[in-house]
Every structure is written in structure tokens, then in C-alpha cells.
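Remarks on the overall topology
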Amino acid sequence: MTLPNEQDDLNYLSNFMVGLRQDQDRLRDIQVKYDHLTLLGQMLSAGTNITSMREDFNVLAETLLGQLASELYNKTVLNLKSTARIAIDILIRNLFERTADIGFLATDSDICAYAQACETNRAAVHVDDPQRVSLKARFMEYVRKYSVYHDIILLAPDGRILLRLNGDSVGTCSSDPLIAASLGTADAYVETFRPTDLLPGDESPLIYSYRVMSKDGNRPVGVLCLCFRFQDECQRIFKNLVTDSDWTVVTILNSDGRIIASSDAYQFPVGAKVTEVKNDGCRVTRFAGREYLATTQQAQGYQGYMGAGWQGHSLAPLNHAFEMAVAHEIVNVPATILSGVLETASIFSPDLRAIPLRAASIQRELNRAVWNGNTWLSRDRQTLNTSFAKVLLREIGNTGVHTLDVFSQSTTNLYKTVVSSVLYNCSLQAALAIDIMDRNLYERANDCRWWALTSAFREVLDQSGDVEEQQRQQLEVILTGINRLYTVYHNLLIFDRTAKIIAVSNQTYSNLVGKTLQAAWVMPTLGLHDSQGYCVSAFEPTELYAGRHTYIYAAAIPPLNCATAAVGGVAIVFDSTPQLRAMLLDALPRNRDGSFVEGAFAIFAERNGQIVASSDQTIAAGTKIAINREFFELSGGEGYANIVEFNERYYAVGSRMSSGYREYKGQADAYRNDIVALVLVPLSRELSRFDVHKTAQRQYSNDHSPYRTSGDDVLEVATFYVGNGWYGIRLEYEIQAIDPQPITQTPKSPSWVHGCIVHQDQVLPIIDLASFLPRGAEAVGDRQIMVIRVPEKEMCFAVIVDELGDTREIALSQLEEAPTSMSGTTALIESLVKPRGTDQDQRILMILSVQHLLERLSPLETRAQSPIGECEHICSC
């Protein structure tokens with residue numbers, strides 16, 4: 001059953017997200033602090049009311065946790081959907097090959113001859129009949145090569161079993177409807193998946209069948225059945241998708257929603273009916289009293305073949321579903337690379353990008369409140385509970401820094417989860433790509449070996465003298481017929497024992513007939529003594545493929561008397577350019593709408609980095625890809641994922657080394673060709689230009705203790721930053737940091753006039769202190785406006801700085817007059833405060849002279865004709 005919708009949301013699912021708990025705890029602790037500080041702040045009137053900041057924090061904390069839960073959910077869903085989709089698509093690809101097998105094998109001349117002989121001579125069915133013995137040996141050869149089958153059965157049209165590879169049921173009759181269906185079908189095959197008297201006791205029999213015609217093609221003389229190892233194949237697929245430590249269960253469902261194959265038959269047995277999840281969704285379902293997160297994926301089909309309506313269905317127990325969503329994939333990523341990615345990544349949505357900005361905004365508001373509160377306390381000595389207010393302001397300041405730190409950590413965790421999802425997907429798709437390739441080339445190794453046993457080829461080549469033209473044409477008719485059915489090949493060739501080409505399927509290469517092959521794979525092929533042996537060329541340019549790179553698979557044609565010396569060979573030229581690219585395109589990551597992820601590409605490459613194929617047609621085969629060696633130095637079936645700098649961008653890269661399929665590249669197979677599949681997804685549009693001064697948040701000093709010893713006279717200073725410089729203004733003036741607001745530009749004003757603002761119904765000029773002071777570094781984020789009132793002159797104006805600092809009590813003994821060298825643009829500095837050796841903060845604080853600043857502003861007094869009266873002549877207070 002499927003749970004009700006109200007339970008099937010992130011609020012419910014977040015209860016099971018282990019990776020969310022640490023962030024929830026951290027944010028909850030700060031939330032409690034805000035509650036306490038808000039209550040205490042409302043008792044005072046020293047800029048300590050932080051009610052609005054508390055509300056902003058609560059909203060942002062809820063947003064952050066929602067985004068974290070969403071990304072953890074997305075990564076888990078990605079895993080479930082990918083495993084379900086890959087399972088059904090790999091199976092469908094395999095079964096597509098089987099539909100071609102039965103159509104071709106049913107036309108085999110030896111099979112047709114035997115079936116026709118049995119029609120007229122019942123003795124041919126006898127166990128000792130030479131023709132029967134020969135054909136059974138041929139069946140055995142077929143299954144040795146195409147090991148996806150466990151039995152081959154040849155039946156008469158009336159249902160009598162004429163010959164089968166396994167068992168002794170020859171002569172018995174079958175009443176299975178597939179016989180009549182195979183005799184009368186207009187399709188190229190009949191696919192049967194249900195219990196049958198042909199395979200008693202097999203709970204999951206999958207049979208491909210087709211009629212066998214007489215030599216003249218006028219009537220059916222039998223039905224051929226290929227019995228597929230269905231459960232064995234499904235378990236091989238599941239093994240590549242689910243590790244021993246993975247809680248995911250992958251199943252295949254029939255069109256009725258019943259399980260026909262399961263990676264964990266104890267949890268989800270074959271035959272059980274489960275709730276399908278429609279519309280490509282992912283839902284919480286219940287099975288056998290336990291909750292699961294589940295998804296159902298439809299088969300995408302392959303070259304028009306959709307199968308029997310089966311579906312991939314993946315589930316994970318809800319209490320374990322989100323364990324894999326933790327960002328383990330980024331463990332190998334160097335810290336500098338990861339920092340660059342988090343700074344520049346284009347994969348983060350605007351909502352994700354806004355979280356640290358909103359957190360910084362909350363901290364700025366808190367800093368501004370603390371800063372204004374301290375300046376207010378310094379001016380108003382009559383305030384009750386001054387000491388308590390200062391302690392409270394210090395705690396508010398500390399909470400602001402802590403808020404930013406926690407949001408920074410949680411946001412980094414959020415970003416890491418997003419990045420790890422991309423890395424995980426790259427790894428999964430690389431595994432899919434190499435699995436598709438291994439399975440595809442397994443078929444190529446089988447084809448060349450089986451076709452080398454074709455009786456017509458052996459008869460023509462196992463004769464003395466040259467091949468006659470009529471015989472050659474006969475061979476080309478057979479080759480052309482095979483090539484018409486098997487379109488993955490560019491050309492098929494037969495060559496004799498001297499390596500001379502006798503026949504080709506692709507007439508574009510008819511000029512090669514009569515020429516002797518000189519390639520390195522030819523003589524080893526002619527030296528093969530076992531029908532299981534085959535040779536493969538290096539991936540290199542060849543005239544057999546119009547000078548392009550490809551693989552050529554070849555097998556020896558044995559003589560009729562089964563002597564050891566080959567009489568020739570079959571070579572099949574793989575159409576690598578479109579076929580390999582199609583495999584890579586099928587493995588490319590896609591967006592939810594089915595489109596390819598922009599900028600993503602996949603490649604097959606050899607261990608030395610030489611490219612075999614690429615989904616990107618601008619990357620040529622034979623060239624090399626320059627990325628880290630770790631992606632190539634893998635054992636069979638091993639994978640690796642990391643982030644690299646490539647083409648001036650950051651890319652997530654997943655790789656997987658080939659491990660073969662069944663016997664292909666297995667222990668008993670002498671052929672070795674290590675190929676790596678790599679999937680690359682761009683994470684940014686450029687590399688980071690990382691500069692700690694530009695990107696790091698200013699670390700404010702939260703130590704509001706005075707720079708003095710007991711009994712010293714002190715000077716109270718409000719501090720701020722301009723570029724890398726730390727500056728202060730005496731608190732004998734009224735100073736207030738105000739909220740951001742629109743600034744009106746004033747044309748024809750001096751360059752140091754930043755514009756004007758309206759504050760408390762007054763128009764104030766804004767002086768850009770950066771115009772007078774050495775900057776050293778650009779401002780980070782929004783700049784801060786400060787309003788300064790000079791009571792004795794009844795004047796006020798505004799200045800703009802990069803960031804607020806804190807307020808300090810400076811012992812007068814620490815003040816030093818600014819050296820004469822600090823003149824010109826730095827003449828605003830009246831004194832310096834050098835840190836003592838015991839001070840934690842070792843920066844030099846530079847005290848600005850408001851009087852000198854007013855002297856700088858005096859030219860504005862005579863420019864009343866300028867816009868807004870030059871901000872009303874520096875407004876009177």
C-alpha cells in the first residue's frame with residue numbers, strides 16, 4: 001500500500017535523515033539563544049531589541065533545513081531511480097540481442113536440414129544418428145559461446161521434441177501454445193515468459209522461439225527454442241547495482257506489478273505483488289509491515305524493442321533510505337579544489353545561493369545593533385544597568401558570529417551534498433557505460449566465433465585449389481544476409497589460410513577481394529586451434545574501416561574434419577564510430593525533462609588516456625585526455641570519482657574500469673583490453689580566482705575588553721574597516737550605523753562624494769572614505785553607511801565604509817601621534833594605537849580626525865548651485 005499524501009512529504013521524511021540531525025541541533029541551539037537574548041533585549045533600550053533578527057533567523061533556519069532535506073531526498077531518489085532504470089534498461093538491451101539470435105539461428109542450414117530429415121525419416125531422431133549427434137554438438141558450441149542460454153530445443157510442428165541440448169525428453173510431446181504462435185507469427189520472434197511443459201520446474205522460464213523452414217522455404221518443418229538464463233542474468237545486473245552494505249532492493253516487475261526477479265528474495269520474493277509508483281515519482285510505500293521509499297521506472301526501449309511491459313522497481317527501507325545520501329563521494333576532493341567549486345559552482349540554484357547571503361545579512365544587522373548599542377552606551381552615562389547592557393551586547397555580537405559560522409557550516413554541508421550527488425551520478429553513469437560496452441563486445445566475440453563454424457564457409461575453404469567465383473559469390477550472399485541482420489558491423493570478411501580476402505559483405509570494399517591482410521591480428525587468428533578462441537585488433541585506424549579507428553574481431557574457420565590447422569578466418573569490422581558514441585549517449589546524465597545535462601560528456605579511453613570514443617564529436621578518437629592518473633589506475637570493475645580542473649572549468653568525473661561480462665575478459669579468456677569509461681559533468685563556468693582577502697568573511701574581534709590597565713584614562717572609539725585598514729572615530733561625536741537605503745547620485749560632485757541619502761527628513765552627503773585612505777582590498781558584500789553628528793558645529797554628514805568593527809576603550813598611554821610620513825591622502829589619520837605583545841589582536845588601529853574630515857568637506861559649502869544644494873551644504877543638525 002502507499003501511505004497517505006500528508007505523510008509523504010519532507011517533514012515526515014526528514015525524521016529519517018541522519019545527515020540532517022547535526023545541522024538541526026546546531027540551529028536549534030542558536031534558536032534558543034535568540035529567544036533568550038530577545039527577551040532580555042526587550043528589557044533595555046540600548047539597541048538590544050533583536051526581535052526582527054530573531055524572526056529572520058527562524059525563517060532562514062527553516063529554509064536551510066528544508067533545502068538540506070530536499071537535497072538529501074534528491075540524492076536518495078537519484079539512487080533509487082537510477083538503479084531501477086539501469087536494471088530494466090540493461091535487461092531490455094540484453095533481450096533485444098536475443099530477439100536477433102533466434103531469428104538468425106532458426107535459418108541455420110544444419111538445423112533446417114535436420115528438421116526436414118526428421119519430417120521424412122523418424123529414424124533421424126534416434127540417439128545414435130550421426131546427423132543428430134553433429135547437430136547436438138553444434139548446439140553445445142552455440143551455448144559455449146552464447147552462455148546466456150541454458151538449453152536449445154528443436155520441436156516438430158506437432159510438438160514432438162526432435163532434439164534438445166539438455167535432458168533426455170526427445171520424442172516426448174509439448175502442448176505449449178508457443179509452438180503454434182511460432183509457426184504462425186508475422187513477427188521475427190515469439191517471446192514467452194510463463195510456466196511451460198518444455199521446462200518443468202522452472203519458475204521463471206524465458207524462451208525465444210521461431211519457426212524452422214524447409215530448404216525451399218515453402219513450409220515450416222519445426223520450431224526452434226532458445227532458453228534464456230533469466231534469473232541468472234538478473235542477479236548479474238543486480239550485483240553491479242547493489243553492494244553488500246547497500247540497503248537498496250532492486251526488482252523487476254511484470255505488467256501486473258508482480259515481482260519476477262529480486263536482488264533480495266527474503267525481503268521481496270518472486271511472485272509478490274507490490275505497489276507501483278506511477279509518473280516517474282518516488283513514494284513511501286508499505287510492504288510486509290515495513291515502510292519503504294520506492295520508485296518504478298519504465299523501460300526506455302532499445303532500437304524499438306520495448307520488451308514485455310516489464311518495469312524496474314527499487315526500494316529502500318525508510319529508516320535506512322537516507323544513509324547513502326551523506327556526502328561520502330567528496331572525501332577524495334582536495335580542499336582547494338572543493339573551496340573553488342563551492343565558490344564558483346553553477347549547479348547551485350538561486351535559492352541555495354541566497355542562503356549564505358541572507359545569513360550574512362542577519363549578522364550585519366546584529367553587528368549594526370551591537371555597534372550602535374555600544375556607541376549609545378558610551379555617550380549616555382546615565383543608562384541603568386550599563387554593565388548588564390554591555391554584557392548583553394557582547395552576547396548578541398557573539399551570537400551573530402556564531403550564527404554566521406553555523407549557517408556557513410550548514411550551507412557548506414548543503415553545497416557538498418549537491419556536489420556529491422553529481423559525483424555519485426557520474427560514477428553510476430560511468431559504470432553503466434562500461435557495462436553496456438562490455439556486454440556489447442561480448443556479443444561481438446560470440447558472433448565471430450559462431451559464424452566461423454558456418455558449414456558453408458568450412459566447405460568452400462576446406463578444399464584444394466582456389467575458390468571459384470560462384471563459391472565466392474555464395475559466401476558474399478551469406479555474409480550480406482548476416483550483415484543485414486546485424487547492423488552493428490561495418491563489414492564482414494572471409495579470408496583463406498594465406499590471409500587472402502575471399503569475400504566481403506560491404507561492397508564498398510570489393511576492391512580488397514584478392515588482397516592479403518597484413519594486420520597484426522591476422523596470423524594469430526589463423527593459429528587458433530580451439531573454437532572458443534578469437535582475436536581482437538588494437539583500437540587503431542584501418543583500411544577496413546575507411547582509415548578510422550575501430551576494433552576487428554576475428555576467429556579461425558576450422559576444417560570439416562576438425563583437424564587443428566585453420567582453413568581460413570572470419571573478420572567482423574565493428575562500426576565503432578556510431579555504436580560506441582550511442583553507448584556513451586545512453587549513459588550521459590540527463591535533466592528531469594530528459595535532456596542532457598549541459599556541457600556533460602562521456603568517453604571510453606585506454607589506460608594510457610588515449611580516447612577510444614566520445615559522446616562529444618569534437619573530441620577525436622586516438623587523442624588523449626589530460627586528467628589525473630587515478631582515474632585510469634584501477635583494477636577490473638573498480639571505480640573512482642573526483643573533481644578536476646579541465647578546460648578552465650571544474651568538472652565532476654566518475655570513472656569505471658571494464659571487468660568484462662560472463663566469459664568475455666573472464667579468467668578463462670586470454671583477451672585483455674582495459675578500457676575506462678569516464679563521465680564528466682561541469683560544475684562551474686570558470687575556475688576560482690580564490691583570494692582569501694576577497695572571499696573570507698571578516699573575523700570580528702568579539703573581545704570588548706578595553707585596551708588599558710586599571711586606573712588608566714581611556715578614549716572610547718567606534719571602529720570600522722576600509723579595505724584592509726582598521727580605523728576608528730572618537731565617540732565624543734554622535735555616530736550611528738544605519739540600515740541600507742537608496743542612494744541618490746550627485747553629478748558634478750567630487751569623486752569622494754558617493755551620493756546623498758535622506759535620513760530623518762534630512763538630505764545628507766555620503767563621503768567615501770576609500771577615496772582618502774589606502775584600500776588594499778575590495779569590499780566584500782554590501783558596504784555600510786555611518787551618520788556622524790558634530791554637535792558643536794551643528795552639522796552632520798554620512799560616510800560609507802566597507803564593514804563595521806566593534807567599539808573599544810583605548811588607554812591614552814597607547815595612543816601615538818601619526819608619523820609625518822602619513823601625509824597627503826592619509827592626512828585624516830590623527831593617531832595610532834599599536835597592539836601590545838599580550839594582545840590577541842595584533843592589528844594597528846588608526847584613529848581618524850573628524851575635524852580634518854570636515855576640512856575636506858568645506859569646498860562643498862561654496863557649491864550651492866550643484867544638485868540638491870550639494871546635499872544642502874552639509875546639513876545643519
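Residues numbered from 1 in each chain as written. Predicted model: local features only at pLDDT ≥ 70, side-chain atom pairs only at ≥ 80, totals over all residues. Heavy atoms only, no water.

1. Things to note about the overall build of the chain
Check the secondary structure of the chain and you find 17 helices and 33 strands. Counting every position in the chain, which comprises 877 residues, the buried fraction comes to 55%. Taken as a whole, the chain presents about 37,500 Å² of accessible surface, with 50% of it coming from carbon and sulfur. (Helix = DSSP H or I, 4+ residues; strand = E, 2+ residues; numbered from the N terminus. Buried < 20%, exposed > 50% of the residue type's maximum accessible area, 1.4 Å probe, protein only. Areas by Shrake-Rupley, 256 points an atom, 1.4 Å probe, with all protein chains shown as cover.)

2. Description of the packing of helix α3 (residues 51–105) against helix α7 (residues 230–241)
One way to put it is that α3 packs onto α7 with a least axis distance of 10 Å and a crossing angle of 140°. Considering their axes alone, α3 and α7 lie oblique with respect to each other. The hand of the α3/α7 crossing is right-handed. On α7, the residues touching Thr 83, Ile 86, Ala 87, Ile 90, Leu 91 and Asn 94 of α3 are Phe 230, Glu 233, Cys 234, Ile 237, Phe 238 and Leu 241. Here the residues of the contact of α3 with α7 sort into 9 nonpolar, 2 polar and 1 charged. (Axes fitted to C-alpha atoms, helices over the stretch in contact; angles between N-to-C directions. Parallel < 35°, antiparallel > 145°, perpendicular 65-115°, else oblique. Left-handed = near helix turned anticlockwise from the far one by under 90°. Contact = heavy atoms within 4.5 Å. Nonpolar A, V, L, I, M, F, W, Y, C, P; charged D, E, K, R; others polar.)

3. Side note on the sheet that holds strand β16 (residues 552–557)
Read from one edge to the other, the open sheet built from 5 strands follows the order β12-β11-β17-β16-β13, with strand pairing classed as antiparallel. The open sheet terminates on both sides in strands that have one partner only, identified here as β12 (501–504) and β13 (535–536). This element, helix α10 (residues 386–451), spans β11 (489–496), β16 and β17 (568–574) of the sheet and lies at about 150° to β17. (Pairing = 2+ DSSP bridges.)

4. Overview of the packing of α10 against helix α14 (residues 576–587)
Between α10 and α14, whose axes approach to 8 Å, the crossing angle comes to 145°. Between α10 and α14 lies a crossing whose hand is right-handed. Packed against α10, whose contacting residues are Gln 429, Leu 432, Ala 433, Ile 436, Met 437 and Asn 440, the element α14 presents Leu 580, Met 583, Leu 584, Asp 586 and Ala 587 at the interface. When the residues that make up the contact of α10 with α14 are grouped by side-chain class, the tally is 8 nonpolar, 2 polar and 1 charged.

5. Let's talk about the side chain of Arg 98
Residue position: Arg 98 is located in helix α3. Of note is the side chain of Arg 98, whose polar atom sits 2.9 Å from the side chain of Glu 443. (Polar contact = N/O pair within 3.5 Å; in protein donor to acceptor, adjacent residues only side chain to side chain.)

6. Quick notes on the sheet that holds strand β9 (residues 290–298)
With antiparallel pairing, 5 strands are arranged side by side in an open sheet as β7-β6-β10-β9-β8. The sheet is open, and its two edges are formed by β7 (259–262) and β8 (282–287), each paired on a single side. On average, adjacent strands in this sheet sit at an angle of 35° to one another, irrespective of strand direction. Bridge analysis of strand β6 (residues 249–253) against β7 gives 3 bridges, and the strand direction is antiparallel. From the neighbouring strand, Ile 252 faces β7, where its bridge partner is Ala 261.

7. Description of the pattern of salt bridges
Going through the model one piece at a time under the given rule, you end up with 35 salt bridges. Between Glu 633 and Arg 629 there is a salt bridge; the shortest N-O distance is 3.9 Å. Take Glu 633: its relative accessible area is 55%, and that puts it in the exposed class. (Salt bridge = Lys/Arg side-chain N within 4 Å of Asp/Glu carboxyl O.)

8. Re the environment of Ile 502
Among the secondary structure elements, Ile 502 is positioned in strand β12. Overall, Ile 502 belongs to the buried group, its relative accessible area being 6%. For Ile 502 and Gly 569, which are 67 residues apart along the polypeptide, the C-alpha to C-alpha distance reads 10.0 Å.

9. A look at the side chain of Ser 174
Here Ser 174 shows up in the loop between β2 (161–164) and α6 (178–184). Here the side chain of Ser 174 touches Asp 176 through a polar contact of 3.2 Å, landing on its backbone nitrogen. A distance of 2.7 Å separates the side chain of Ser 174 from the side chain of Asp 197, its partner in a polar contact. Beyond its immediate sequence surroundings of up to four residues, Ser 174 is in contact with Leu 155, Asp 158, Gly 159, Ile 179, Asp 197 and Leu 198.

10. What about unusual backbone geometry?
The backbone of Gln 760 sits at a positive phi, close to 50°, despite the residue not being glycine. Its place among the elements puts Gln 760 in the loop between β26 (753–759) and β27 (762–768). By relative accessible area, which is 53% here, Gln 760 ends up exposed. Even without a glycine there, the phi angle at Asp 761 is positive, about 65°. Among the structural elements, Asp 761 can be located in the loop between β26 and β27. On the accessibility criterion, Asp 761 (78% relative accessible area) is exposed.

11. Section: the nonpolar core
Grouped together as the largest cluster of nonpolar side chains are 174 residues, with contacts concentrated most on Leu 154, Leu 224, Ile 252, Tyr 551, Tyr 553 and Phe 604. No other element matches α10, which puts 28 residues into this core. Within the second largest apolar cluster, 34 residues are counted, among which are Trp 371, Val 722, Tyr 727 and Ile 788. (Core = buried A, V, L, I, M, F, W, Y, C linked by side-chain atoms within 4.5 Å.)

12. Here's the deal with the pairing of strand β20 (residues 639–646)
Within β20, 6 of the 8 residues are buried, leaving the element largely enclosed by the surrounding structure. In this sheet, strand β21 (residues 649–657) lies alongside β20 in antiparallel orientation, the contact comprising 8 bridges. If you follow Glu 645 over to β21, its bridge partner there is Tyr 650. The hairpin turn running from β20 into β21, its antiparallel successor, is 2 residues long, and Asn 647 in that turn takes a positive phi close to 55°.

13. Overview of the confidence of the model for the chain
Per-residue confidence for the chain gives a mean pLDDT of 86; residues scoring 70 or more make up 89%. Here residues 691–710 scores under 50 on pLDDT; set against residues more than four positions off or in separate chains, the count is 49 contacts. In this model residues 862–869 is a low-confidence stretch, pLDDT under 50, and it forms 10 contacts with partners more than four residues away in sequence or in other chains. (pLDDT = per-residue confidence, 0-100.)

14. Some thoughts on the packing of aromatic side chains
Under the counting rule described, the total for this entry stands at 32 aromatic pairs. Relative to Trp 450, the ring of Tyr 142 has its centre 4.8 Å away and its plane inclined at 85°; by these criteria the two rings are edge-to-face. Of this pair, Tyr 142 sits in helix α5 (residues 130–145) while Trp 450 sits in helix α10, and the two are 308 residues apart along the sequence. Judged by centre distance (4.1 Å) and plane angle (15°), the ring pair of Phe 348 and Tyr 415 falls under stacked. In this pair, Phe 348 sits in the loop between α8 (335–344) and α9 (350–379) while Tyr 415 sits in helix α10, placing the two residues 67 residues apart along the sequence. (Phe/Tyr/Trp six-rings, centres within 6.5 Å; stacked < 30°, edge-to-face > 60°.)

15. Structural notes on the environment of Val 270
In this fold, Val 270 is placed in the loop between β7 and β8. On a C-alpha basis, the gap between Val 270 and Ile 260 in space is 5.2 Å, while along the polypeptide they are 10 residues apart. The contacts of Val 270, once residues within four sequence positions are left out, are Gln 231, Ile 259, Ile 260 and Ala 261.

16. Notes on empty space enclosed by the protein
One simple way to see leftover space: roll a probe sized like a water molecule over the atoms. Within this structure, the stated rule accounts for 6 cavities of 30 Å³ or more. What lines the largest cavity is simply Ile 90, Arg 93, Asn 94, Glu 97, Tyr 302, Ile 436, Arg 439, Asn 440, Tyr 442, Glu 443 and Tyr 661. Mapped onto the lining of the largest cavity, the elements with two or more residues apiece are α3 and α10. If one sorts the elements of the lining of the largest cavity by residue count, α10 sits on top with 5 residues. Residue classes in the lining of the largest cavity are distributed as 5 nonpolar, 2 polar and 4 charged. (1 Å grid on protein atoms, 1.4 Å probe; cavity = no way out; pocket = protein on both sides within 12 Å on 5 of 7 lines; lining within 4 Å. Points joined across faces, edges and corners; volume = space filled by probe spheres on them.)

17. Considering the pairing of β6
Among the 5 residues of β6, 5 are classified as buried, and the element is accordingly described as predominantly covered. Side chains Val 249, Thr 251 and Leu 253 of β6 all project onto a buried face; the interleaved residues Val 250 and Ile 252 project onto the opposite face, where all are buried too. Across 5 bridges, β6 lies against strand β10 (residues 311–317) in antiparallel orientation. In the strand pairing of β10, Ile 252 is matched with Gly 312.

18. Some remarks on helix α16 (residues 850–857)
For α16, the full list of buried residues reads Val 850, Leu 853, Leu 854 and Leu 857. Angular distribution of buried residues about the axis of α16 spans 100°; they occupy a single face of the element. (Arc of directions from axis to C-beta.)

19. Overview of α14
Between its terminal C-alpha atoms α14 stretches 16 Å, which fits the 16 Å expected from 12 residues at 1.5 Å a residue. Residues of α14 that are buried: Ser 576, Gln 579, Leu 580, Met 583, Leu 584, Leu 585 and Ala 587. Buried residues in α14 make contact with α10, β15 (548–550), β17, β18 (601–606) and β19 (611–614). (Expected span 1.5 Å × (residues − 1).)

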